[in-house]
Amino acid sequence: MIRWVAGAAVQWLKESLGIVQSASEIEELAGKIENTGRVYFVPASNGLFAPWWRDDARGICIGITRFTNKSPITSVLESMCFQVKDVLDSMHKDAGGKGEVKNENGDFVLRVDGGATINNLLMQIQADLLGCPVVRPASIETTALGAAYASWLAVGVWTEQDVFSDEAKQEKPTTVQPNLDGAKEEKSNVLV
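Residues numbered from 1 in each chain as written. Predicted model: local features only at pLDDT ≥ 70, side-chain atom pairs only at ≥ 80, totals over all residues. Heavy atoms only, no water.

Points about the packing of aromatic side chains
Reasoning step 1: Enumeration over the complete set of coordinates arrives at three aromatic pairs.
Reasoning step 2: Where Y149 meets W152, the ring centres are 6.1 Å apart and the plane angle is 55°; that geometry is what we call tilted. Residue Y149 and its partner W152 are both found in helix 5 (residues 142–155); the two are separated by three residues, about one turn of the helix.
Reasoning step 3: A ring pair is formed by W152 and W158, whose centres lie 4.7 Å apart and whose planes are at 55°; its orientation type is tilted.
Reasoning step 4: When its relative accessible area of 33% is taken as the criterion, W152 is described as partly exposed.
Reasoning step 5: Residue classification places W158 among the partly exposed residues on the basis of a relative accessible area of 30%.
Reasoning step 6: Aromatic rings pair up to connect Y149, W152 and W158 into one cluster.
Reasoning step 7: Above the plane of the ring of F67 lies R66, whose end atom (NZ or CZ) is 5.9 Å from the centre. (Phe/Tyr/Trp six-rings, centres within 6.5 Å; stacked < 30°, edge-to-face > 60°. Helix = DSSP H or I, 4+ residues; strand = E, 2+ residues; numbered from the N terminus. Buried < 20%, exposed > 50% of the residue type's maximum accessible area, 1.4 Å probe, protein only. Lys NZ or Arg CZ within 6 Å of the ring centre and 35° of its normal.)

A word on the confidence of the model for the protein chain
Predicted coordinates in areas of low pLDDT are best not read in detail.
Reasoning step 1: Considering every residue of the protein chain, the mean pLDDT works out to 80; 85% of them sit at 70 or more.
Reasoning step 2: Element-level pLDDT for the protein chain is lowest in helix 7 (residues 180–187), with a mean of 55, against a maximum mean of 94 in helix 4 (residues 120–130).
Reasoning step 3: A low-confidence stretch, residues 187–192 (pLDDT under 50), is modelled with eight contacts involving residues beyond four sequence positions or located in other chains. (pLDDT = per-residue confidence, 0-100. Contact = heavy atoms within 4.5 Å.)

Examining the pattern of salt bridges
Reasoning step 1: Scanning the model with the defined rule gives three salt bridges in all.
Reasoning step 2: E28 serves as the salt-bridge partner of K32, at 3.5 Å between the closest nitrogen and oxygen. Of the two residues, K32 and E28, both sit in the exposed class.
Reasoning step 3: Note that K85 and D89 form a salt bridge whose closest N and O atoms lie 2.8 Å from each other. (Salt bridge = Lys/Arg side-chain N within 4 Å of Asp/Glu carboxyl O.)

Dropping the structure here:
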C-alpha cells in the first residue's frame with residue numbers, strides 16, 4: 001500500500017498541480033528548497049492505509065501561507081518517509097525486535113527498492129528520519145527481478161548457480177547514512 005500512495009502523491013504533483021513535468025524533476029526542485037516552511041502533507045487521497053487502516057481518511061496539506069512556494073514538493077517526500085516510519089514503528093512494536101536486519105555495528109538497516117528509491121534526497125530524508133542506514137540495491141526493481149528469476153528457474157533457462165553466484169551479485173548496493181545533525185534539526189521543526 002505504501003508504494004501506491006507514494007506514487008499517487010507524485011502523480012498528484014505532476015498531473016493535478018502541474019508543479020513538475022516528470023517524477024525525475026522532484027529531487028532537483030526539492031533539493032533547492034531550504035525547508036518546507038512548516039508545510040505538511042498527509043497523502044491520504046483514498047484513505048490512510050498501513051498501519052492506520054482508515055479508508056475514510058482524506059489527504060491534507062497544512063501550513064500554507066501567502067509565502068508558500070513549491071515547498072509541498074519536499075512535504076510530499078517527507079510524507080512518504082513518515083508513512084514508512086509509521087509502518088516500521090508498528091512492525092517493531094508487534095515483532096518486539098525479532099527479525100530485524102542489522103549491519104555489522106548492530107544498527108537497524110532499512111532495505112528499499114522501487115522507482116521512488118532512485119531519488120537520493122528521498123533516501124536521505126528517510127535515513128535521517130529513521131536514524132538508520134538505508135540500503136538501495138544496484139537494481140532498484142528487485143520485485144520484478146525476483147519474479148523474472150523465479151520464472152527463469154522454473155522453466156530451466158537459469159540454474160540456482162546462475163542466480164545466486166558471486167558473479168551475479170557484482171553490483172554493489174548504495175548505502176545512505178543518516179545525517180544525525182540534520183535529522184535533529186528537522187525534528188525540531190516538526191509540529192507536536
